[in-house]
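# Summary of structural features
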Amino acid sequence: MKLRYLLPLVIFVVMAGFLWKGLSLDPSSVPSPLVGKPAPQFELSQLHQAEQMVSRDSNLGKVWLLNVWASWCVSCRQEHPLFMQLSRMGEVPIYGLNYKDEREDAVKWLQDFGNPYTISAHDYKGRVGVDYGVYGVPETYVIDKQGVIRHKHTGPVSAQALRETILPLVRELKKG
Amino acid sequence: MKNILLLALLCLSLPLSYQVQAKEAEYTTGAPEIHGRVMGVSEELRCLVCQGQSLGDSNSEFAVDMRAQIQEMMEGGMSDRQVIDFMVERYGDYVRYRPPFNATTMLLWFGPFILLGVGVAVLYTNVLRRRKQIDETPLTEEQHHRAAELLKEGSGEDKA
Amino acid sequence: MIPEIGQFALIIALCLAIVQGIFPILGAQLNIRPWMAMARPVAQGQFIFIAISFACLVYSFVTDDYSVLYAASHSNSLLPIQYKVAGVWGGHEGSLLLWAMMLGLWTFLVSIFSKNLPDEMVARVLGVLGLIAVGFLLFLLLTSNPFERLLPAAPDGRDLNPLLQDFGLIIHPPMLYMGYVGFSVAFAFAIAALMGGRLDAAWARWSRPWTIIAWSFLAGGIGLGSWWAYYELGWGGWWFWDPVENASLMPWLVGTALIHSLAVTEKRGGFKRWTVLLAIIAFSLSLLGTFLVRSGVITSVHAFATDPERGTFILAFLVIVVVSSLLLFAWRAPKIEQGGKFEPVSKETMLLVNNVIITVIAAAVLLGTIYPIIIETLASLGLIEATNKVSVGAPYFNAIFVPLLVPLVFLVGIGPLARWKKADMPDMLRQLRWAFIASAIVAVVVPFLMGGWQWMAALGMVMAMWIVTTAIYSIRVRFRSTNAELPWGHRLNAIPRSFYGMHLAHIGVAICIVGGTLVSNYMSDKDVRMDIGDTVEVGGYTFRFDGVIEIKGPNYIANQGMIQVLQDGHEVMSLKPEKRVYTVQTMPMTEAAIDTGVWRDLYVSLGEPVSGGAWSVRVYHKPFVSWLWAGVILMVLGGVTAMTDKRYRVMARKEKKAKAEAEASNIATSKIATEKA
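Residues numbered from 1 in each chain as written. Chains lettered and ligands numbered in written order. Predicted model: local features only at pLDDT ≥ 70, side-chain atom pairs only at ≥ 80, totals over all residues.

## Notes on the overall build of chain A
What counts here: Numbering of helices and strands runs from the N terminus; a helix is a DSSP stretch of H or I covering at least four residues, while a strand is a stretch of E covering at least two. Throughout, the radius of gyration refers to the C-alpha atoms, and the reference size of a globule is 2.2 Å times the residue count to the power 0.38. Residues are treated as contacting if the C-beta atoms built from their backbones sit within 7 Å of each other.
Helix and strand counts for chain A stand at five helices and seven strands. Scaling as 2.2 N^0.38, a compact globule of 176 residues should have a C-alpha radius of gyration of about 16 Å, whereas chain A reaches 20 Å, well beyond that. For chain A, the spread of C-alpha atoms along the three principal axes comes to 80 × 35 × 30 Å. Partitioning the contacts of chain A with sequence separation of at least 6, the portion at a separation of at least 24 is 73%.

In C-alpha cells form, the structure reads like this:
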C-alpha cells in the first residue's frame, strides 16, 4: 500500500540521474552517421593546380586525414600549427578540403601560415562538404586503407585529441 | 506573357514618366511550387550552427546555403522525402525535428499513449474500488434540519 | 557603495530566510507559539531586504555604474532608460534576483492575506517559503552574485542584447516569474498540509485563490512570451516547442490540472492525495524549468549563459526540494482520509479524466524535452550508438498534443453540466445536441470560407465551437435556475464569479484554438527578391517595394524598408520593416513591420540586401493570429474573475459583517439619543 506512493519519487530520481549526467554533455554536438561507412566519393580540382583533379579513390590503400578548412575560418588558425607539426612528422598524409573559399584567398592563406597538406581539394560550392556532413569548419576525418571513415573530429584539433585519439587510431589502422 | 507585355509598355512609357520598371518579385528560392516545398522541408530540418532554429527560420550563411542546395535538389527532381533522407544520411537523425521511429524512440512515441491508458485504467479501478469501500451513512433527521438552516442563513447573508 | 549595500541586504535576507525556514515549522511541530508568531514579521523583513537589494541593482544600471560586472555586461550608457531598468533582469544573475524578489513578494502577500488561517498552517506555509528562499539566496550569493565588482571599471557597458531591447523584456519576465514563483505558494500549502496531517476542504479553499492567481500570471507570462517572439524574431512564429518554452508550459499545464483538482477537494473533499501531489509536481516543474534554462543541458535561443557549475547547484537544490517533499508525501499521504464516493459517470470522474489527460500532456512535453538528454546519456555510457542522437521538435509535440486535446475539449463541454456524485450522460448529451450540430456546421463551413478544406482546421473549429456553445448553454441553464422573481442584474449577480471565471477561461481556450488552427493552416507567405518597384501578392494584398532608407535610432542605425500595401489597386497602408545594427553589439537585427487586425496580421520583414539595390523580403499574411493573444487575455481574465469569488473573500465578508454590526449599533444609539432628546 505504501510502496506505490514512492513511485513519483522513483521516477524523479531516475530523471534527475539523467539530468546530472547531461550536465557533462554538449547538447549541440552532432555525431556523424558516416563513421564506419565508406567515405563519400568526390572529384575536385586541386587548389594549387586547378587542371589536376583529386578524388577519394586516389587515396585507397593508405591511411589518411581529411581536414576541412578555409581562409575565412578563425578557429582553423588555432589547429594549424599542430597540422604543420604533424605533416613534418610524416606519419600520416594530410589532405585538405578547402571549403567554400576563393582560390586566391586560400592559396595566400597557405602561403602565410604554411601548407601541411599533401594536396588540397577546392570545394568551392561546399557540396562535397555536405556529403561529408560538414556543418562548421574546421572538421577532421580519419580514413582507412579501404576508404572507410573511422573517426570524425569536429572543431579545432587539440594536442590532446591528437595524442589520445587520432594518432593512436592512425597507427592501429596502418597496422591492419 | 502578361509580364512581357507589361515590360514592353513600360519600356515605351519610360521617356514620358519617371516610373521605374516594376515587376512581380521573384522567389528567393526558385519557382512557386519549389519555393513552397523548400520552405516546408527547411522548417523540418535543424540549423546545425544555430541555437535551436530551423533551416527555414534562420538567416545564417549555413541555412541560406542549405536552402539553396535543397532548391537545387528539388529542381533536379528529388522529392521531399528524398531530400530529407539525403540530409539524414549525412548529418544523422539529429538534423530532423521529427524524431525517427526506431527501437530507441519507441518510448518517446508510445510513452504518452501508454501513460494515458495506464492513467485511465488506474482511475477506473480506483473509482470502482472507492464505490465499494466507502460507506456513506445517510443524514439523520436532525442533521437534515441543521443543514437546511445553515443553507438559509448562508443565502440570507449573501443577499445582504 | 550601493552595490555593497545590495549584496549586504541579500546576506541579511538570507539570514532572515534561514530563521523563517526553521523556527516557525519547528514551532508548529512542537507547539511553541512565539516561534510560530515569528513567521510573519521575519517573512516581511526578508522581502524588504531583497527589495532593497533589487533596488540597488536597478540603481547601478540606471546610474551607469560599470564597476558592477553584471551592469557592464548587460547595459550601456546609450541604452534608453526603460531598457536600463528592464536590463536588470536581462541576464542570469539579475533574473535570478528577480526570481528571489518575486518569491519574497508572494511570501509577503501570504503573510498579509492569511488572517483567517490557523497559526500552525501560516507558520508552516511561511516556513516552507522561507526554505525555498534560502536555496535561491544561497544560489545567488555563492554562484551568481549580481553585485560582483569589475575593477577597474569598464568605460562603458557591453550593451543589452539587441533582441532584448524591446517592450517585451519589460513585461514578459516579471509576469512569467510571478507565475512560476506563485506555484511555490500552492506547494507550500501542500507541504504544510502534509506536515500538519490536516488536509480537508478548508485547506483546499485557502489554497485555491493563490493557485488561480499564479496560474493566471503564468498564462499571461507565457502568452506575452509567445507574442514577443512573434513580433520580435522576424518570421512570425509563435510557438516552437523550444525547451525553454516547454519549461514554462509544463508547470502551467500541471497548474491547470491542479486548479481543477482543487475544485473537487474544495467541494467534495475528494482527490486529496492527488491534489497534494499535483501541487508538489507543479512547483517541481517550475524548479526544473529553472534548471533546464540555466544549466546548459539543452540548446535554445532563449537559454541563459550556461555554466555547468550553476547547473549542478540548481540540480542539487531541485533534488533536495523534490526528494524531501515526495518522501513526506509517501509517508503522510496514506494516512489522509478518502473523500466522498462517486459514480464512474459523474463530475468527479470527468475532472479526474481531465487531470489524467492534462498530466499525460505535461508528461509528454517533459519526455520530449529531455529525451535527447536521455539518449545522449545512454550513448555516453556505451549502451547505445552515439548516432542515435535525436532532435525532438514541433512535429513530435504536435503529433502528441492534438490527439490528446480532443477528448479534453470534449470534457470541457460536458464537465460543467455534469452533476457531482452521479451524472446522467445520455441526458447531458441530449441537452447538448444543438451544440454538437452547431459545432459540426461551423467545422465544415469555416475551412471553405478560409480558402479550402483542411482536416486540422475543421478539427480546430469543431473543438472551439463546442467549447463556446456548451459554455453558452451552461450559463443559460444556470441562469434559469436562479430566482425568476428577481431582476436580470440580480439574477446574474447571484451566480458565483467562479462560474463566470470558469467559462471565460474555457472560452479563452477556444479562441486560442481558433487562432492557432486558422493561422497554422491558412497562413500564406512569400520569400522574394525585390527590386525597387517590384510587387508581390500575398493574401489578397499587393505589396510594393519602394526602396530602403537609412535612419538613426538612439543606439542603432537601421535600413528601413518602405513597403506600400495595396488592396484592389488603392494604397491602404505603408509598412516599414527595419534591419538594425546596434552601435555596441554590432549584430544585425530584424524588426518586422506588422499591421495588426482582428481578422489578420500583415507581416513584412527585410532579409538581406542582394545585388543591384534589391533586397530579399519576406511577406506574410497571417489570418486570425491575434486571436491567440485575445484567447490568453480571456484566460487571464477568467482566472482573475474566479479568484474574486466571494467565497474567498472572507476578509470582505468579515468586514461587511463588522460594518453592518457597527451601523446597527449606530442606529440604535442614535435612536436612543433621539428618544432621549
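## Thoughts on the sheet that holds strand S1 (residues 524-530) of chain C
Threshold: Any two strands with at least two DSSP-identified bridges between them are counted as paired.
Spatially, five strands are ordered S1(B)-S1(C)-S10(C)-S9(C)-S8(C) in an open sheet, and the strand pairing comes out antiparallel. The sheet is open, and its two edges are formed by strand S1 (26-27) of chain B together with strand S8 (593-596) of chain C, each paired on a single side. Relative to strand S10 (residues 614-623) of chain C, strand S9 (residues 600-610) of chain C runs antiparallel, the two being bridged by nine bridges. Residue pairing for S10(C): Leu602(C) is matched across the bridge by His621(C).

## Examining the interface of chain B and chain C
Short version of the rule: Side-chain classes follow a simple rule in which Ala, Val, Leu, Ile, Met, Phe, Trp, Tyr, Cys and Pro form the nonpolar group, Asp, Glu, Lys and Arg form the charged group, and the remainder, Gly included, forms the polar group.
On the chain C side, the residues contacting the 44 residues of chain B number 47 residues. Mapped by element, the contributors of at least two residues to the side of chain B that touches chain C are S1, helix H2 (32-44) and helix H5 (106-133) of chain B. With 13 residues, the top contributor of residues to the side of chain B that touches chain C is H5(B). Considering only residue class, the side of chain B that touches chain C consists of 19 nonpolar, 13 polar and twelve charged. Where S1(B) meets S1(C), two bridges bridge the pair, whose relative direction is antiparallel. From the neighbouring strand, Glu26(B) faces S1(C), where its bridge partner is Arg529(C).

## As for the domain arrangement of chain C
You'll often see interface size given as the accessible area lost when the parts meet. The cut-off we apply is this: What marks off one domain from the next here is an automatic or database domain assignment.
You can read the domains of chain C as domain 1 (1-165), domain 2 (167-426), domain 3 (432-518 + 635-648) and domain 4 (524-624). By residue class, the composition of the side of domain 2 of chain C that touches domain 4 of chain C is two nonpolar, two polar and no charged.

## What about the packing of helix H6 (residues 119-143) of chain C against helix H11 (residues 308-332) of chain C?
Residue and element names in this part refer to chain C. To be explicit about the condition: What counts as an axis is a line fitted to C-alpha atoms, over the stretch in contact for a helix, and the angles between N-to-C directions run from 0 to 180 degrees. Working definition: roughly parallel below 35 degrees, roughly antiparallel above 145 degrees, roughly perpendicular at 65 to 115 degrees, and oblique for all remaining angles. Two helices cross in a left-handed way if the nearer one is turned anticlockwise from the farther one by less than a right angle. They cross in a right-handed way if the turn is clockwise.
Orientation of H6 relative to H11, taken along the N-to-C sense of each, is 165 degrees, at an axis distance of 11 Å. Considering their axes alone, H6 and H11 lie roughly antiparallel with respect to each other. The chirality of how H6 crosses H11 is right-handed. Contacts from Gly135, Phe139 and Thr143 in H6 reach Glu309, Arg310, Phe313, Ile314 and Phe317 in H11. Classifying every residue of the contact of H6 with H11 gives four nonpolar, two polar and two charged.

## A short note on the packing of H2(B) against helix H3 (residues 61-75) of chain B
Residue and element names in this part refer to chain B. Running from amino to carboxyl end, H2 crosses H3 at an angle of 130 degrees, the nearest separation of the two axes being 10 Å. Taken together, the axes of H2 and H3 are oblique relative to one another. Where H2 crosses over H3, the two elements pack in a sense that is right-handed. For the pair H2 and H3, contact is made by Ile34, Arg37, Val38, Val41 and Ser42 and by Arg67, Ile70, Gln71, Met74 and Glu75, respectively. Here the residues of the contact of H2 with H3 are counted per class, giving five nonpolar, two polar and three charged.

## Topic: the nonpolar core
What counts is decided by this rule: Definition of nonpolar core: a set of buried Ala, Val, Leu, Ile, Met, Phe, Trp, Tyr and Cys residues joined via C-beta atoms within 7 Å. Comment: burial labels come from other C-beta atoms within 10 Å of the residue's own C-beta, placed from the backbone, where a count of 20 or more is buried, 12 or fewer is exposed, and between is partly exposed.
If you look at the biggest cluster of nonpolar residues, it comprises 297 residues, and the most contacted ones within it are Ala100(C), Ala186(C), Phe189(C), Ala279(C), Ala282(C) and Ile467(C). Look past the residues within four positions of Ile467(C) in its chain and what remains in contact with it is Val409(C), Val412(C), Gly413(C), His506(C), Ile507(C), Val509(C) and Ala510(C).

## Digging into H2(B)
The criterion, for reference: For a helix, the expected span equals 1.5 Å multiplied by the residue count minus one.
Between its first and last C-alpha, H2(B) extends 19 Å over 13 residues, near the 18 Å set by a 1.5 Å rise per residue. For H2(B), the full list of buried residues reads His35(B), Arg37(B), Val38(B), Met39(B), Val41(B), Ser42(B) and Glu44(B). Along its buried surface, H2(B) packs onto S1, H3 and helix H4 (80-91) of chain B together with helix H13 (394-414) and S1 of chain C.

## So, the confidence of the model for chain C
Selection rule: Per residue, pLDDT captures the predictor's confidence, and it can take any value from 0 to 100.
Per-residue pLDDT for chain C has a mean of 91; in total, 96% of the residues score no lower than 70. Both scores are available for the predicted complex, with the pTM at 0.90 and the ipTM at 0.88.

## Considering the pairing of strand S6 (residues 578-582) of chain C
All names here are of chain C. When you tally the buried positions in S6, you get four out of five residues, the bulk of the element. Relative to S6, strand S4 (residues 556-567) runs antiparallel, the two sharing five bridges. Bridge assignment links Ala558 to a residue of S6, and that residue is Arg580.

## Concerning the interface of chain A and chain B
Contacts between chain A and chain B engage eleven residues on the former and ten residues on the latter. Residues belonging to the side of chain A that touches chain B are distributed by class as follows: six nonpolar, four polar and one charged.

## Some words on the sheet that holds strand S3 (residues 64-69) of chain A
Residues and elements named next belong to chain A. Spatial strand order, S5-S4-S3-S6-S7: five strands in an open sheet with mixed pairing. Looking at the sheet topology across the chains shown, the edges are occupied by strand S5 (120-123) and strand S7 (149-154). The sheet shows a mean angle of 20 degrees between the axes of neighbouring strands, direction not considered. Of the strands in this sheet, strand S6 (139-143) and S7 touch helix H5 (residues 159-175), which is tilted by about 165 degrees from S7.

## Considering helix H12 (residues 347-380) of chain C
Residues and elements named next belong to chain C. Note the following rule: Bend, in this description, refers to the angle at a residue between axes fitted to the seven residues ending there and the seven starting there.
For H12, which comprises 34 residues, the first-to-last C-alpha distance of 48 Å matches the rise-based estimate of 50 Å (1.5 Å per residue) to within 8%. The largest bend in H12 is about 45 degrees, located at Ile370, with the proline Pro372 one to four residues further on. Counting buried residues in H12 gives 29 out of 34 residues, a clear majority hidden from the surface. Of the residues flanking the end of H12, it is Gly382, one or two places downstream, whose phi is positive at about 80 degrees.

## Some remarks on unusual backbone geometry
Negative phi is the rule for most residues except glycine; trans is the rule for most peptide bonds. A cis amide bond links Val137(A) to the next residue, Pro138(A), at an omega of -5 degrees. With omega at 0 degrees, the peptide bond leading from Leu151(C) into Pro152(C) counts as cis. When you line up the elements, Pro152(C) lands in the loop between H6 and helix H7 (167-196).

## A few points about the environment of Val301(C)
Position of Val301(C) among the secondary structure elements: in the loop between helix H10 (272-295) and H11. In the structure, Val301(C) is positioned 59 residues away from Asp242(C) in sequence and 8.2 Å away in space, judged by C-alpha atoms. When near neighbours in sequence (up to four residues on either side) are disregarded, Val301(C) contacts Gln51(B), Gly52(B), Gln53(B) and Asp242(C).

## Observations regarding the pairing of S9(C)
Residues and elements named next belong to chain C. Counting buried positions along S9 yields eight of eleven residues, so the element is predominantly enclosed. Strand direction decides the pairing type here: S8 and S9, joined by four bridges, are antiparallel. Following the sheet pairing, Ala593 is matched in S9 by Val604. Between the end of S8 and the start of S9, which pair antiparallel, lie three residues. In this antiparallel pair of consecutive strands, S9 and S10, the connection spans three residues, and Gly612 shows a positive phi of 75 degrees.

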